[in-house]
Protein chains: 2
Amino acid sequence: MRIAVDAFGGDNAPLAVLKGAEMAVRELGVSILLTGDEQKIKECAEENKISLEGMEILHTEEVFDMHTAPTELIKSQKNTSLALAMKAAADGDADAVVSAGSTGAIIVGATFIIKRIKGVKRPALGTVVPGKNRRFMIMDVGANAECRPEMLQQFGIMSSVYLKNVEGVENPEIALLNIGTEDTKGDTLRLEAYKLLQESPINFVGNVEARDVPKGVCDAVITDGFTGNITLKLYEGVAGTLMKMIKEMFMSTLKTKIAALLAKKKMYSLKSMFDYSAIGGAPVLGVKKPVIKAHGSSNAVAIKNAIRQAAICAETKICETMADGMAQIQSADEKE
Amino acid sequence: MRIAVDAFGGDNAPLAVLKGAEMAVRELGVSILLTGDEQKIKECAEENKISLEGMEILHTEEVFDMHTAPTELIKSQKNTSLALAMKAAADGDADAVVSAGSTGAIIVGATFIIKRIKGVKRPALGTVVPGKNRRFMIMDVGANAECRPEMLQQFGIMSSVYLKNVEGVENPEIALLNIGTEDTKGDTLRLEAYKLLQESPINFVGNVEARDVPKGVCDAVITDGFTGNITLKLYEGVAGTLMKMIKEMFMSTLKTKIAALLAKKKMYSLKSMFDYSAIGGAPVLGVKKPVIKAHGSSNAVAIKNAIRQAAICAETKICETMADGMAQIQSADEKE
């Protein structure tokens, strides 16, 4: 098992990436193909006493420029550390890819370098987030700002396969994010997607309202990339703002400071429930090799967890299962 | 000043409505036109020792059936308490309308009974919600699941007029909800709406990301009714779920129970910041008379606050100001 890791993706690269990769080699027994400037990688490893055992370096001095359009990845930026990681997976030199770099560029690389699974209209980005009763996936969280009903249907199928294989969820409950629970609710996109999801070989449980999403009432929340991105960021934003306000409240008087001391441990475990780094990265689903987008601000633990996700995806042959799933709905369509 | 109040709208009607109306008469000095079953209203008032002074009753036994389509309000349901309240405002028998009934039916009534302001493409529903640094309005929160760019432009103008007149915000900062802050971000709808908002006679401050929304970084968040509805409900949902989890955390051990006692007062004020009933109802903007949709689960205080909002809207002649605003952008369009 070899995972290609973009050593120069993310706010804390290359240090956090190297540390995370080191942890992954040691704890998970995977081997790593680092892409990026060999000298800088070696210097950073030496300075920080990071062992590069179990890692190979694919050298390039170029790093994807976040100020260019994502599509530049396959044009002016095709020799960047991100593009090379994608290419390694496409060519069979790696079993999966991990990067904390530009989301848009990762989608472009996955789609045009690794390429789509036959029948997949558009690859999409899923993210698993914490909920009161269970974790759940939101998909798509930003790969496709504009969606057609068939795309939402495929997101449902792909998230179901992912959740079964990687998260170990039996018979995942897939729901459509909508402005009401009745099947007559929503815009044209939702009305048509509802019908298609109902006909799909998944456990479709109908519409879910945004109000109920945080409770964890289903395993996947299916939506277009625009709404999904808003949903994910608002989820993060409200939880973060509220936690900050609670912290300020605890620090406001002597009484509340004592309260904070008493509740510290429990508050901490509540806060860690909303800690994304423990959950890992966002899978790009619908392409021929597993691609995990780690959060831009990933620390070493987050990188390690993203590598673990990538390894599980590769091990359980999730892309092959997804290809089978796609072939099934296609042959069903053809019979009609 | 006379406000038409649908006595049979909402989960707690007519009791909460009558109590709220009584408070409004006493505290705000407005007079109320109650629509609904006269006998039931009088019985409920007597049983609960509610004074009907300052109120007149417009009798009808019919109540809008929540299971019919909203458009039925102007067909089979045109003699319901909701439709009569709308008609009273349309005919000049009342200066504004308040109802805690069906959102869809209220939009239909506002649009087709009270009628649109000249130039307004679609009336929309705004809601003011709490943020860390300031309250802000989200608009549209559900009147229009499908929107065109010109509609988002008008939502920006209408929310600006409302915030100035009713909330007393000087030079309101109007932002477009989007998946990035750069003006190149978003779907076609956002890209075009951005340009139109920029050309509008308002203080347009650009795109706002969902992550920053809870901080209260602007006075109005402009979006389509689908996304707005998701945003509002998720906002409520995440805050509610998190508060519930914190409460459970506080109740979990002896130590945390003591902490809860110490932090009680401060926690309560934090919680009340997220209490919608204090803020009031959602205005339907773009129609010829002020219409306030109170939350379905409104208690008496929420009803009173919705009546206050309606009274301020009528007093400050917000609909007239909005008509002037619309005439301005229209004449600007014609000159081009």
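Keep in mind the model is a prediction, meaning the values are calculated, not measured.

1. Quick word on helix 4 (residues 103-115) of chain B
At B:Gly109, helix 4 of chain B shows its largest kink, close to 25°. The complete set of buried residues in helix 4 of chain B reads B:Ala105, B:Ile106, B:Ile107, B:Val108, B:Gly109, B:Ala110, B:Thr111, B:Ile113 and B:Ile114.

2. Description of the sheet that holds strand 10 (residues 282-285) of chain A
Residues and elements named next belong to chain A. Ordered by their spatial adjacency, eleven strands build an open sheet running 3-2-1-4-11-10-5-6-9-7-8, and the pairing between neighbours is mixed. In the strand order of this sheet, the two ends are held by strand 3 (55-59) and strand 8 (203-209), each with one partner. Pairwise comparison of adjacent strand axes, ignoring direction, gives a mean angle of 25° for this sheet. Contacts between helix 7 (residues 225-250) and the sheet are confined to strand 5 (124-129), strand 6 (136-139) and strand 7 (173-178), with strand 6 contributing the most and set at about 135° to the helix.

3. Considerations on the pairing of strand 6 (residues 136-139) of chain B
Residues and elements named next belong to chain B. In strand 6, alternate side chains face the same way, and those of Phe136 and Ile138 on one face and Met137 and Met139 on the other are all buried. Strand direction decides the pairing type here: strand 5 (residues 124-129) and strand 6, joined by four bridges, are antiparallel. Within the sheet, the bridge partner assigned to Thr127 lies in strand 6 and is Ile138. Where strand 5 folds back on strand 6, the antiparallel hairpin that results is connected by six residues. Where strand 6 meets strand 9 (residues 220-222), three bridges bridge the pair, whose relative direction is parallel. Paired with Met139 across the bridge in strand 9 is Ile222.

4. Examining the relation of the copies chain B and chain A
Rotating chain B by 180° and translating it 0.0 Å along the rotation axis places it on chain A, where the RMSD comes to 0.0 Å. Those values place the two copies in the arrangement expected of a two-fold rotation axis. Using C-alpha coordinates, one finds that chain B approaches the rotation axis most closely at B:Ala259, a distance of 2.0 Å. Interface overlap between copies is the fraction of interface residues in one copy that are interface residues in the other; for chain B against chain A it reaches 100%, indicating a shared surface.

5. What to know about the packing of helix 1 (residues 15-28) of chain A against helix 10 (residues 300-315) of chain A
Residues and elements named next belong to chain A. At a minimum axis separation of 7 Å, helix 1 and helix 10 run at an interaxial angle of 50°. Accordingly, the angle class assigned to the pair helix 1 and helix 10 is oblique. In the crossing of helix 1 with helix 10, the sense of the turn from one axis to the other is right-handed. Residues Ala16, Val17, Lys19, Gly20, Ala21, Met23, Ala24, Glu27 and Leu28 of helix 1 lie in contact with helix 10, whose contacting residues are Ala300, Val301, Ile303, Lys304, Ile307 and Arg308. The class makeup of the residues in the contact of helix 1 with helix 10 is ten nonpolar, one polar and four charged.

6. Some points on the interface of chain B and chain A
Between chain B and chain A, the residue contacts involve 48 residues of the former and 48 residues of the latter. Taken together, the two surfaces of chain B and chain A that pack against each other cover about 4700 Å², and 79% of this comes from carbon and sulfur. It is B:Phe226, B:Leu234 and B:Leu262 in chain B that bury the most area against chain A; as a group they hold 14% of the surface buried on that side. Across the contact surface, chain B and chain A share six salt bridges. One salt bridge connects A:Glu236 with B:Arg211, and the closest N-O pair in it is separated by 3.6 Å. Here chain B is connected to chain A by eight residue pairs in polar contact (both at pLDDT 80 or more).

7. Digging into the pattern of salt bridges
Residue and element names in this part refer to chain A. Enumeration according to the criterion identifies 28 salt bridges over all chains in this entry. Note that Arg2 is salt-bridged to Glu56, the shortest N-O span being 2.6 Å. Residue Arg2 is found in strand 1 (residues 2-6), and its partner Glu56 is found in strand 3; the two are separated by 54 residues along the sequence. Judged by its relative accessible area of 44%, Glu56 is partly exposed. Through salt bridges with shared partners, a single network forms among Arg134, Glu173 and Asp219.

8. Re the nonpolar core
Counting 109 residues, the largest nonpolar core has A:Phe250, A:Val291, B:Phe250 and B:Val291 as its most contacted members. When neighbours within four sequence positions are excluded, B:Phe250 is seen to be in contact with A:Phe250, A:Ala263, B:Thr256, B:Lys257, B:Ala259, B:Ala260 and B:Met267. Counting residues in each nonpolar core, the second largest holds 62 residues, with B:Ala24, B:Ile32, B:Leu152 and B:Ile174 among its members.

9. Structural notes on the pairing of strand 4 (residues 96-99) of chain B
Residues and elements named next belong to chain B. Residue alternation in strand 4 divides its side chains into two sets, Ala96 and Val98 and Val97 and Ser99, and both sets are buried. Sheet topology places strand 1 (residues 2-6) next to strand 4; three bridges connect them, and they run parallel. Paired with Ile3 across the strands is Ala96, a residue of strand 4. In the sheet, strand 4 pairs with strand 11 (residues 291-293) via three bridges, with the strands oriented parallel. The residue bridging Val97 from the neighbouring strand is Val291, located in strand 11.

10. Here we look at the sheet that holds strand 1 of chain B
Residues and elements named next belong to chain B. Strand order in the open sheet made by the eleven strands is 3-2-1-4-11-10-5-6-9-7-8, with mixed pairing throughout. Lying at the two open borders of the sheet, with one neighbouring strand each, are strand 3 (55-59) and strand 8 (203-209). Across the sheet, the axes of successive neighbouring strands diverge by a mean angle of 25°, strand direction being ignored. Docked against the sheet, helix 2 (residues 38-47) engages strand 2 (31-36) and strand 3, running at close to 145° with respect to strand 3. Set on the sheet, helix 6 (residues 188-198) makes contact with strand 7 (173-178) and strand 8; between it and strand 7 the angle comes to about 170°.

11. Focus on the confidence of the model for chain A
Of the residues in chain A, 96% reach a pLDDT of 70 or more, and the chain-wide mean stands at 93. Among the prediction metrics, the complex's ipTM stands at 0.88, with pTM recorded as 0.90.

12. Regarding the packing of helix 3 (residues 81-90) of chain A against helix 4 (residues 103-115) of chain A
Residues and elements named next belong to chain A. The geometry of helix 3 relative to helix 4 is characterised by a closest axis approach of 9 Å and an angle of 35° between their N-to-C directions. In this structure, helix 3 crosses over helix 4, and the sense of that crossing is right-handed. Taken together, the residues of helix 4 that come into contact with helix 3 (itself represented by Leu82, Ala83, Met86, Lys87, Ala89 and Ala90) are Ala105, Ile106, Gly109, Ala110, Ile113 and Ile114. The class makeup of the residues in the contact of helix 3 with helix 4 is ten nonpolar, one polar and one charged.

The rules we used
- Residues numbered from 1 in each chain as written.
- Chains lettered and ligands numbered in written order.
- Predicted model: local features only at pLDDT ≥ 70, side-chain atom pairs only at ≥ 80, totals over all residues.
- Heavy atoms only, no water.
- Bend = angle between axes of the 7 residues up to and from the residue.
- Helix = DSSP H or I, 4+ residues; strand = E, 2+ residues; numbered from the N terminus.
- Buried < 20%, exposed > 50% of the residue type's maximum accessible area, 1.4 Å probe, protein only.
- Pairing = 2+ DSSP bridges.
- Axes fitted to C-alpha atoms, helices over the stretch in contact; angles between N-to-C directions.
- Contact = heavy atoms within 4.5 Å.
- Least-squares fit on C-alpha atoms with pLDDT ≥ 70 in both.
- Parallel < 35°, antiparallel > 145°, perpendicular 65-115°, else oblique.
- Left-handed = near helix turned anticlockwise from the far one by under 90°.
- Nonpolar A, V, L, I, M, F, W, Y, C, P; charged D, E, K, R; others polar.
- Buried area = accessible area lost by both parts, 1.4 Å probe.
- Salt bridge = Lys/Arg side-chain N within 4 Å of Asp/Glu carboxyl O.
- Polar contact = N/O pair within 3.5 Å; in protein donor to acceptor, adjacent residues only side chain to side chain.
- Core = buried A, V, L, I, M, F, W, Y, C linked by side-chain atoms within 4.5 Å.
- pLDDT = per-residue confidence, 0-100.

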